[in-house]
Amino acid sequence: MKRSIIGNQAVAYGALAAGIDVAAGYPGTPSSEALNELLHFSRSAARGNDPSPYVEWSVNEKVAFELATGAAWAGKRALATMKMSGANVAADSILSVAYSGTKGGLVLYIADDPGAEAGMPEQDTRLFAQWAGLPVLEPADPARAYQLTRYAFELSERCELPVILRSVTSVAHAKQEVEGEYAYKPLKRKAAFQKNILRYTKAGAVICMDQHRDLLERLKVAESSAAEAGINRLHEADDGAGLFVVAAGALIPYVREALSAGDHRRLSTLFLESVYPLDTELAGGMFGAADRILVLEELEPFVEMQLRSEASRLGWNGTILGKLDGLFPRVGKYSQEIIGRGLTLLAEGRKGGAGARASATGVGRTGGQPAVDPTAAQAAAADTQPAASTQPATPLNVKHPITFCAGCPHRGSFMAINRALKKIGLDRDNTVVTGDIGCTILGMNPPFHTCWTEVSMGSSIGLAQGFYRAGIENPLIATIGDSTFFHAGIPPLVNAIQHGTNLLVIILDNGWTSMTGFQVNPGTAERFQARGDRRVEIEGIVRGMGVENLQVIGPFDQEQSVEAIVNALQQEGVKVIISQAECALTAARREERTQIYRIDSEKCTFCRSCLRETGCPALYVTANGGKSKHGQVMAIDPELCTGCGLCFTCCKFDAISRQKLGGSST
Amino acid sequence: MMQSIFMTGLGGQGIITLANLISGQASEKGLKVSLFNAKGMAQRGGRVTSEIRMSDDPGLEFGARISAGKADILIGMEIGETINSLSFLKDGGAAILLDYAFVPTTMVLKKEPYPSFRQLTELYVRKTDRIFAVTEAKHPYNMFLLGVFSTVAPEIAPELSFFSRERMEQAITEKLKRGLEENLETFNRGCAHGHSLLQRV
């Protein structure tokens, strides 16, 4: 059966076809849709009483990976999903589990983001995998993502190692036709976990070093298994010009496209979708026939480093064109242009030099001529921008800063913080408010300019303690969303309580993991929890930790919110405020609005206080004259307004009024 | 045949729906189609782009993303973002440009000038003479532009002659249940506008 699906969905269906029993993840662009799809599948299967795997959004990636590991150690097949930054959170467990290996197939799906379109580091998971000692599969497109996901479970069981399935945004979010079974094929294995101290504990140096040896042996099995399965493909051109293009993962289709469009018949190819460990036999075959090798891969020179090291081991002395000699960028996506220039460099550069035609034994020596034409080399390196370049090309370029949606409760929280600081005479430029990951970080954008930092999940509370210990005298505020609090905010709060910090933690609780697409989290209302799951209340957690100074506020009630913050800032110790109101978007998808606000153009003086303080996207400038001296007034888009009333609290001229929908204004 | 369509605008404008409907027609026609939506910040008023690539050769392999200078058609739904996307259009490519600006709060407050539609078209004119300036659009803009696109696409490239008002009406009826009447009406107005643009060209 063929369906048009994105790469992440293809991973989900590949896993279903592989018969997984358990899947767990933490949302993060560009990986989220994989687990979303599994969750949809399992829900509809449950309705029809059909079999389905157990699927959950875990509290963080480390927990998700541990959950999947437990299932796999009991012999089941299990999948864990996360974005690249999530691998850092799970790292402690991943590196340890790598030593123990696995019984059932254990696949770790990690989506990287060359070009940083989701706005995090351009971290290359392949280097992480090498560090952990885990095999890496890197699909070229959604169709291959489906096939390689299925294969990843086989590989994992063959070599008894967790396998990292690494994707990038261009594959994870590309919607293409994928041939697949689109069905769950449960393996019906019986769960059994055998006690084995030598394998599943780290009790002593001997055990640890034995496990390290086992890991290296398993990596060898992984290499031969992937070679046997023919995951990587070497194609030698007929006239054997000794020119090879090596392309990894997501770049393969672009290279194929360039090869079919241009006159590149003389170029041989090595397409790699199993990038670690290196297929040394295939690489050796290439070195035996190659003079010059072009390596095309995004981000770090991962394949290139392995090839250079293998070339050195073999004594091959041809030329490798890649990133390490500065020819290709390590920053951003590769555009078709970069690929095209690389191919030209490979094909034409040869004219300039004699090249290093290797002998049949794979060993050859060159003279001293430069490997590449320096001009051409500079041309290839010049384009170091991401392919989807949004760099200013003209003086007219504009940037649309992202902001809170109309009706977002976080807007109220940040307005209240700013108002509270003003009320007690604290200079905003001298009062550190740390921010955290998720929608709440938009508090750093205009018009709020409230948040100072954004580092990693839960870091707002830890960083604030650092500022406190450094001796910063003004009160410190940490802001964090509900899901981020559950994910990684609890341990640093425990730390703050234990060590007696002066800190106000404001938990902006909108009940959902919204930034990534409204996934459920432990604090989501009971009625939206999966069947059998229960809600965990933040208030109870914080009280249970021993925080006595705790207030729960509603951010749309500005008077109450400002007072609560002012109050807390004037006290010693750890204070927690939970600012609670549901995400405006999830609410709007379910419920009709009961009221909106409007601006009386006769009363509006165009002072723009409403816009300056709320930055609400429902507010706009219109040319209606009215009493305004400016010939312009503010207006509210009745389609966007949710009736939250925050702009109402800004107007000194009584120009904003409430309008009951289906009723009269008040 | 290989056609790449690059679309850009802001969250909330319905660009993903527009892209889904256009790529859906190509899939139905039996073409090999790839659709990539970059929508991470869509609901917070951020930039949204859609990249559609299609080919009638089922054996042809191609990547999902459109590189700079490789878009055969560019559909711009917001002046600022369309200016930001100028580099994607190939020389001589077709540009469907909507006269709509969303001025960011910061620029309103600082009274910074925002680029005008005239400035936008002046930039694009340097790259192509095939510009369809959509200046009389009605809400919802995505449906209006879908009407324009369905009408002008067959004139832009003969390979795109499978786009038609009738097929698209059917697709809208099947895919969009909410506000169907308004969507269809706006779509048809867009078709009419497309016809008048063709006469002007």
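Residues numbered from 1 in each chain as written. Chains lettered and ligands numbered in written order. Predicted model: local features only at pLDDT ≥ 70, side-chain atom pairs only at ≥ 80, totals over all residues.

1. A closer look at the overall build of chain B
When helices and strands are counted, chain B shows 7 helices and 6 strands. In chain B, the succession of α and β elements from N to C terminus is β-α-β-β-β-α-β-α-α-β-α-α-α. In summary, chain B has a C-alpha radius of gyration of 16 Å against a globular reference of 17 Å for 201 residues, a match within 12%. Expressed as lengths along the three principal axes of its C-alpha atoms, the size of chain B is roughly 50 × 40 × 35 Å. By residue count, 54% of the 201 residues in chain B fall in the buried class. The long-range fraction of contacts in chain B, counting pairs at least 24 apart against all pairs at least 6 apart in sequence, stands at 64%. (Helix = DSSP H or I, 4+ residues; strand = E, 2+ residues; numbered from the N terminus. Rg over C-alpha atoms; globule rule 2.2 N^0.38 Å. Buried ≥ 20, exposed ≤ 12 C-beta atoms within 10 Å, placed from the backbone. Contact = placed C-beta atoms within 7 Å.)

2. Here we look at the domain arrangement of chain A
Residue and element names in this part refer to chain A. By domain assignment, chain A separates into domain 1 (2-229), domain 2 (233-382), domain 3 (409-588) and domain 4 (592-660). Computed from C-alpha coordinates alone, the two centres of domain 1 and domain 2 are separated by 30 Å. Facing the 25 residues of domain 1 at the interface are 20 residues of domain 2. Per element, the largest residue contribution to the side of domain 1 that touches domain 2 is 5 residues, and it comes from helix α9 (residues 205-229). Grouping the amino acids of the side of domain 1 that touches domain 2 by side-chain chemistry returns 15 nonpolar, 3 polar and 7 charged. (Domains from an automatic or database assignment. Nonpolar A, V, L, I, M, F, W, Y, C, P; charged D, E, K, R; others polar.)

3. With respect to the interface of chain B and chain A
Listed by partner, the interface residues are 39 residues for chain B and 42 residues for chain A. At the level of elements, β2 (32-38), α2 (79-84), α3 (105-109) and α4 (117-125) of chain B are the ones that each hand at least two residues to the side of chain B that touches chain A. The leading source of residues in the side of chain B that touches chain A is β2(B), at 5 residues. Each residue belonging to the side of chain B that touches chain A can be placed in one class, and the counts come to 18 nonpolar, 15 polar and 6 charged. Two strands pair when backbone bridges link them, and strand β8 (residues 174-179) of chain A and β2(B) are joined in this way by 3 bridges, in the antiparallel orientation. Residue pairing in the sheet places A:K175 in a bridge with B:L35 of β2(B). (Pairing = 2+ DSSP bridges.)

4. As for the sheet that holds strand β4 (residues 78-83) of chain A
Residue and element names in this part refer to chain A. Taking strand neighbours across the sheet as the criterion, the 7 strands line up as β3-β2-β4-β5-β7-β6-β12 in an open arrangement whose pairing is mixed. Each of the sheet's edge strands pairs with one partner strand only, and the pair in question is β3 (54-57) and β12 (274-276). Where strand β6 (residues 136-137) and β12 come together, 2 bridges link them in antiparallel fashion. Counterpart to L137 in the pairing with β12 is S274. Helix α2 (residues 33-47) rests against β2 (22-25), β3, β4 and β5 (106-112) of the sheet, and its axis sits at about 130° to β3. (Axes fitted to C-alpha atoms, helices over the stretch in contact; angles between N-to-C directions.)

5. Quick look at the environment of A:R150
Residues and elements named next belong to chain A. Mapped onto the secondary structure, R150 falls in helix α6 (residues 142-159). Placed 133 residues apart in sequence, R150 and A17 show a C-alpha to C-alpha distance of 6.6 Å. Excluding residues that lie within four positions of it along the chain, R150 makes contacts with G14, A17 and A18.

6. Considerations on helix α1 (residues 7-17) of chain A
All names here are of chain A. Counting buried residues in α1 gives 10 out of 11 residues, a clear majority hidden from the surface. Taken together, the buried positions of α1 are G7, N8, Q9, A10, V11, A12, Y13, G14, A15 and L16. Of the residues trailing α1, G19 is marked for its positive phi of about 80°.

7. A word on helix α5 (residues 125-132) of chain A
Residue and element names in this part refer to chain A. Restricting attention to buried positions, one finds in α5 the residues T125, R126, F128, A129 and A132. Seen from one end, α5 has its buried residues packed into an arc of 155°, which puts them on one side. Of the residues trailing α5, G133 is marked for its positive phi of about 80°. (Arc of directions from axis to C-beta.)

8. Regarding the sheet that holds strand β10 (residues 243-248) of chain A
All names here are of chain A. Taken in spatial order, the 5 strands line up as β9-β11-β10-β13-β14 in an open sheet, and their pairing is mixed. For this open sheet the edge positions go to β9 (233-235) and β14 (319-321), each flanked by a neighbour on one side alone. Going across the sheet, the axis of each strand differs from the next one's by a mean of 15°, ignoring polarity. Alignment of β10 against strand β11 (residues 268-272), held across 5 bridges, turns out to be parallel. Paired with A247 across the two strands is F271, which belongs to β11.

9. A short note on the pairing of strand β13 (residues 292-296) of chain A
For a regular strand, side chains alternate in direction, first toward one face of the sheet and then toward the other. Residues and elements named next belong to chain A. Of all 5 residues in β13, 5 are buried; the element is thus mostly enclosed. Burial of the side chains of β13 extends over both faces: R292, L294 and L296 are buried on one face and I293 and V295 on the other. As judged from the 5 bridges shared by β10 and β13, these two strands associate in the parallel manner. Looking at the pairing, F244 lines up with I293 of β13. Bridge analysis of β13 against β14 gives 3 bridges, and the strand direction is parallel. Looking at the pairing, R292 lines up with T319 of β14.

10. A closer look at the environment of A:A12
Residues and elements named next belong to chain A. Mapped onto the elements, A12 comes out in helix α1. Between the C-alpha atoms of A12 and T149, which are 137 residues apart in sequence, the distance is 8.3 Å. Discounting residues that sit within four places of it in the chain, A12 has contacts with A34, E37, L38 and F41.

11. Some details on the nonpolar core
Counting residues in hydrophobic clusters, the biggest one holds 250 residues, and the most contacted among them are A:A68, A:V246 and B:L145. For this core, the element with the most residues is helix α5 (residues 141-156) of chain B, which contributes 10 residues. If we skip the residues at most four places from it in the chain, A:A68 touches A:V22, A:A24, A:A78, A:L79, A:A80 and A:L106. (Core = buried A, V, L, I, M, F, W, Y, C linked by C-beta atoms within 7 Å.)

12. Comments concerning the packing of helix α4 (residues 84-100) of chain A against α9(A)
Residues and elements named next belong to chain A. Contact geometry for α4 and α9: axes closest at 7 Å, N-to-C directions at 80°. Judged by the angle between their axes, α4 and α9 are roughly perpendicular. Contact residues: α4 offers A98, Y99 and S100, while α9 offers Q211, H212 and L215. Counted by class, the contact of α4 with α9 contains 3 nonpolar, 3 polar and no charged residues. (Parallel < 35°, antiparallel > 145°, perpendicular 65-115°, else oblique.)

13. Re the environment of A:S268
Tracing the sequence through the fold places A:S268 in strand β11. When neighbours within four sequence positions are excluded, A:S268 is seen to be in contact with A:H235, A:E236, A:A237, A:L243 and A:F244.

14. Comments concerning the packing of α1(A) against α6(A)
Residue and element names in this part refer to chain A. Running from N to C, α1 and α6 cross one another at 30°; their axes reach a closest spacing of 7 Å. Between α1 and α6, the crossing angle belongs to the class labelled roughly parallel. α6 is crossed by α1, and the crossing has right-handed handedness. Residue-level contacts link G7, A10, V11, Y13, G14, A15 and A17 of α1 to P142, A145, Y146, Q147, T149 and R150 of α6. Broken down by class, the residue content of the contact of α1 with α6 amounts to 8 nonpolar, 4 polar and 1 charged. (Left-handed = near helix turned anticlockwise from the far one by under 90°.)

15. A look at the confidence of the model for chain A
Scored by pLDDT, chain A has a mean of 91; 92% of the residues are at 70 or more. Long-range and interchain partners of residues 350-392 of chain A, a stretch whose pLDDT sits below 50, account for 92 contacts in this model, where long-range means more than four residues apart. (pLDDT = per-residue confidence, 0-100.)

16. Description of unusual backbone geometry
All names here are of chain A. Cis peptide bonds are those with omega within 30 degrees of zero, and the linkage from Y276 to P277 qualifies with -5°. With respect to the helices and strands, P277 occurs in the loop between β12 and α11 (280-289). With omega at 5°, the peptide bond leading from P446 into P447 counts as cis. Mapped onto the fold, P447 is located in the loop between β15 (433-434) and α16 (459-470).

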